[in-house]
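Analysis of the macromolecular model
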Amino acid sequence: MADEDPLTTEQRVRRGTARTLANVLTLLVAVAVLAAWAYTGFYQLEPGKSAVILRFGAVDRVETQPGLRWHLPPPLASHEIVAVDTLEREDFGSAEPGQPDEEAAAAEAAMQTKDNNIVHLGFVVQYRIGDPVDARFRVADRRGILRDAAQAAVREIVGRNSIDDVLSEGRGAVENETLEQLQALLDRYQAGIEVTSVQLQEVQPPPPVRAAFDDVIAAAQDRDRQIQEARGYENEVLPRARAESREMEASAAGYREAKVSEARGEAARFTSIYEEYRRAPEVTRRRLYLEAMEEVLPKVEKVIIEPGTATLLPYLPSLPRQQQTPAPGAPR
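A short tour of the structure in this document, coming up. (Residues numbered from 1 in each chain as written. Predicted model: local features only at pLDDT ≥ 70, side-chain atom pairs only at ≥ 80, totals over all residues. Heavy atoms only, no water.)

Now for the overall build of the protein. Regarding its fold elements, the protein presents eight helices and nine strands. Out of the 332 residues belonging to the protein, those deemed buried represent 21%. For the protein, the exposed area adds up to about 24,200 Å²; of that, 55% sits on carbon and sulfur atoms. (Helix = DSSP H or I, 4+ residues; strand = E, 2+ residues; numbered from the N terminus. Buried < 20%, exposed > 50% of the residue type's maximum accessible area, 1.4 Å probe, protein only. Areas by Shrake-Rupley, 256 points an atom, 1.4 Å probe, with all protein chains shown as cover.)

Put into structure tokens, the structure is as follows:
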């Protein structure tokens, strides 16, 4: 019995060691499996995209920051990637001739205006995802809802305007009103779509009256061109006329100042002469007479005759000497 005790102890040690190794191995395997399961919750979110996190099938949150993200591993949680910055477009009322959808596109483009005319209108809608949750889970056919809402909005706005507004002057207003109406419809449907622009492409009247409408559009364009030319001529003439008027005003002001100064000088001169005349009337009168003669006599034709040298009345010409023609043979 004494020899069997060590063997029993050794067996116990071996069994304990084996059990411990088995437990450690089981724990490592469990940790590895748990780590691999947790690793399935990592995902890469690229720029311009959003991730809708679902926990037990219900929306938990929306991730928008790009990079490596993590959520609870499946089946506890999952994610749906939605491109929110991608700009998409839908064409309406346009198809290449000969294609199977040509008739459908023509019917789609035919619309009635306020004045009971038919206009063929093609347009383009550009949009992107505004709410990833609504776009992914609220609607089943996002593209179909967009097309139906866009056609309804355009037909309503075109029906409020006349054909002249749709063809020429009111196209911008039609685009803006259609954008507002379409966005309101999509928000009411909770489609999660954000419309960025609505652009009218081909707007044409019915073929039987297309030539007449082309003439009207050409006349409107000629009118606009002539208005622009008239405005250009106005912008050219008015500044020049204003400059000339300012120049004339400045010249008139200078002339006025010169005349006023001259008149004031004459008035001051007359006042000074008058004061001199009051002090010495005879002397002043004599001086004024001599000054007047000095001014007048140089301009008068003069003949000086010494007294007592002539007994006959001299001949004085009635015309200035410069205008007289001497007689032939007369001494000069």
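Pairs may arise between side chains of opposite charge once their charged atoms sit close together. In total, this model carries 22 salt bridges according to the counting rule given. Across the pair lysine 49 and glutamate 46 runs a salt bridge whose closest N-O atoms are separated by 3.6 Å. Given a relative accessible area of 30%, lysine 49 falls into the partly exposed group. Arginine 225 is the salt-bridge partner of glutamate 229, the closest N and O atoms lying 3.1 Å from each other. Here glutamate 229 pairs with arginine 225, and both are found in helix H7 (residues 210–279), just four residues apart, close to one helical turn. By relative accessible area, which is 46% here, glutamate 229 ends up partly exposed. Among the residues examined, arginine 225 registers a relative accessible area of 41% and is labelled partly exposed. (Salt bridge = Lys/Arg side-chain N within 4 Å of Asp/Glu carboxyl O.)

A few words now on the sheet that holds strand E3 (residues 58–63). Reading across from one edge, E3-E2-E5 is the order of the three strands in this open sheet, with antiparallel pairing throughout. Each edge of the open sheet carries a strand with a single partner, namely E3 and strand E5 (77–83). Ignoring which end each strand starts from, the neighbouring axes of this sheet average 25 degrees apart. Looking at chain direction, strand E2 (residues 49–55) and E3 are connected through five bridges and run antiparallel. Bridging from a neighbouring strand, leucine 54 pairs with valine 59 of E3. (Pairing = 2+ DSSP bridges. Axes fitted to C-alpha atoms, helices over the stretch in contact; angles between N-to-C directions.)

Contact geometry for H7 and helix H8 (residues 281–296): axes closest at 5 Å, N-to-C directions at 130 degrees. Overall, the two elements H7 and H8 adopt an arrangement that is oblique. Along the contact surface, H7 presents Ile273, Glu276, Tyr277, Arg278 and Arg279, while H8 presents Pro281, Thr284, Arg285 and Leu288. Looking at the contact of H7 with H8 residue by residue, the class counts come to four nonpolar, one polar and four charged. (Parallel < 35°, antiparallel > 145°, perpendicular 65-115°, else oblique. Contact = heavy atoms within 4.5 Å. Nonpolar A, V, L, I, M, F, W, Y, C, P; charged D, E, K, R; others polar.)

Moving on: the environment of aspartate 60. Tracing the sequence through the fold places aspartate 60 in strand E3. Along the sequence, aspartate 60 and serine 78 sit 18 residues apart, while their C-alpha atoms lie 9.9 Å from each other. Setting aside residues up to four positions removed in sequence, aspartate 60 forms contacts with Ile53, Leu54 and Arg55. In this structure the side chain of aspartate 60 is engaged in a polar contact, spanning 2.7 Å, whose partner is the side chain of arginine 61. (Polar contact = N/O pair within 3.5 Å; in protein donor to acceptor, adjacent residues only side chain to side chain.)

One pass over the full model with this rule turns up three aromatic pairs. Aromatic pair tyrosine 39 and phenylalanine 42: ring centres 6.0 Å apart, planes at 45 degrees, arrangement tilted. Residue classification places tyrosine 39 among the exposed positions, given a relative accessible area of 60%. Owing to a relative accessible area of 40%, phenylalanine 42 belongs among the partly exposed residues under this scheme. A ring pair is formed by phenylalanine 92 and phenylalanine 123, whose centres lie 4.5 Å apart and whose planes are at 5 degrees; its orientation type is stacked. (Phe/Tyr/Trp six-rings, centres within 6.5 Å; stacked < 30°, edge-to-face > 60°.)

Here we take up the packing of helix H4 (residues 142–159) against helix H6 (residues 171–189). The contact between H4 and H6 brings their axes to 9 Å, and the two run at 140 degrees. Relative to H6, the element H4 lies oblique. Helix-helix and strand crossings are classified by hand; for H4 and H6 the assignment is right-handed. Residues Ile145, Leu146, Ala149, Ala150, Ala152, Ala153, Val154, Glu156, Ile157 and Val158 of H4 form the contact with H6, whose own contacting residues are Val174, Glu177, Thr178, Gln181, Leu182, Leu185, Leu186 and Tyr189. (Left-handed = near helix turned anticlockwise from the far one by under 90°.)

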